[in-house]
Amino acid sequence: MDIITGNVGWIEVICGPMFSGKSEELIRRLRRSMIARKRVEVFKPIIDDRYSALEIVSHGDLRMTSQVVNNAGEIMDQLDWRSEVVGIDEANFMGPQLVDVAQRLADSGKQVIVAGLDTDYLGRPFPPIPELLAYAESITKTLAICVRCGNPAKHTQRLRGSEDLIVVGAAELYEPRCRRCFEPGIPKQAEMDFVKARQAQKTDHREESRPRIHTGIRGTEEEV
Ligand code: ADP
Ligand code: ZN
């Protein structure tokens, strides 16, 4: 969505799981601002150097030159204060100061466009995105396609076990899943295995105890 408010600042948040098109949408909006001859700057956290140190890159290979910062506080140091539009990608890795930084930028008249994961690999709200949503003028929730069933996906499934909140990686480590196909972590998986094992046990038991009757045809039995 493009919001037109004259020259007052505001915050736009684009959030959703991995592969949902957050970076694409961020790049699209920033390009439109450049077409409108606005001064645009883009920042990304140093942790995300999966594809390129100096660009934000979408999974579909859209690219845009960006500046790298260790945390949100550094945006204030690096920013050219003449910039009218400030894009921030991978915002969930920017740290808690991001809320204050985005507020200050918006209060000083800048259009702040933030893209980031709204939930972590266990499906929990991923700070500081939830708090930013409360301060934002505009919120866009992007959904991916569930790789298991093709439904809209709001979860980021981690494929290999690790208890760390931040494990950076792309297709080989994460995939989007819908609510139904999402398996958050080992405890739920273990629980499902337990349920499956119990069901298998019951089936075996039924198999043994199921009464059988002769149909009259030689060599056949019918179950009831
Ligand atoms: P995000 O920033 O949310 O991780 P990107 O903008 O980098 O997403 O990438 C979105 C692109 O990823 C889509 O346009 C599509 O080409 C590609 N893609 C690959 N797998 C999927 C998927 N399962 N669901 C949706 N898009 C996918
Ligand atoms: Zn699914």
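In short, a report on the structure. (Residues numbered from 1 in each chain as written. Chains lettered and ligands numbered in written order. Predicted model: local features only at pLDDT ≥ 70, side-chain atom pairs only at ≥ 80, totals over all residues.)

### Digging into the site of ligand 1
For clarity, the threshold we go by: A residue counts as near a molecule or strand when its C-beta atom, positioned from the backbone, falls within 6 Å of it. Only DSSP runs of H or I reaching four residues or more are called helices, and only runs of E reaching two or more are called strands; each is numbered from the N terminus. Amino acids are sorted into nonpolar (Ala, Val, Leu, Ile, Met, Phe, Trp, Tyr, Cys and Pro), charged (Asp, Glu, Lys and Arg) and polar (every other residue, Gly among them).
As a structural note, the neighbourhood of ligand 1 is formed by 15 residues, with K22, S23, E24, S58 and H59 the closest of them. Of all the secondary structure elements, the ones that give two or more residues to the shell around ligand 1 are α1 (22-35) and β9 (144-145). The element that contributes the greatest number of residues to the shell around ligand 1 is α1, accounting for three residues. Taken together, the residues that form the shell around ligand 1 break down as six nonpolar, seven polar and two charged.

### Focus: the sheet that holds strand β5 (residues 67-69)
The criterion, for reference: One requirement defines pairing of two strands: DSSP has to find at least two bridges between them. Axis angles are defined between N-to-C directions and span 0 to 180 degrees, where every axis is a line fitted to C-alpha atoms and, for a helix, only to the segment in contact. Residue pairs are scored as contacts if the distance between their C-beta atoms, which are placed from the backbone, is within 7 Å.
Read from one edge to the other, the open sheet built from six strands follows the order β5-β2-β6-β7-β1-β8, with strand pairing classed as parallel. Two strands in the sheet have a free side with no partner beyond their single neighbour: β5 and β8 (138-141). Direction aside, the axes of adjacent strands within the sheet are offset by 20° on average. Lying over the sheet, α1 contacts β1 (10-16), β2 (40-45), β6 (85-88), β7 (111-117) and β8, oriented at roughly 165° with respect to β7. With respect to the sheet, helix α3 (residues 97-107) is in contact with β1, β6 and β7, its orientation differing from that of β7 by roughly 155°.

### A look at the nonpolar core
Our working definition: In plain words, the nonpolar core is the set of buried Ala, Val, Leu, Ile, Met, Phe, Trp, Tyr and Cys residues that C-beta atoms within 7 Å link up. Think of it as a crowd count around each C-beta: if 20 or more other C-beta atoms lie within 10 Å the residue is buried, if 12 or fewer it is exposed, and in between it is partly exposed, with C-beta placed from the backbone throughout.
In this structure, I11, L30, L98, A102, V112, V114 and L132 are the most contacted members of the largest nonpolar core, which totals 43 residues. Taken together, the elements giving at least two residues each to this core come down to β1, α1, β2, β6, α3, β7 and α4 (129-135). Element by element, the count of residues in this core is highest for α3, at six residues.

### Things to note about the pairing of β2
Of all six residues in β2, six are buried, a share of seventy percent or more. Along β2, one buried face is formed by V40, V42 and K44 and the opposite face, lined by E41, F43 and P45, is buried too. Taken together, the four bridges between β2 and β6 define a ladder with parallel strand orientation. Across the sheet, the residue bridging to F43 is I88, located in β6. Bridging between β2 and β5 involves three bridges; their strand directions are parallel. Following the sheet pairing, P45 is matched in β5 by V69.

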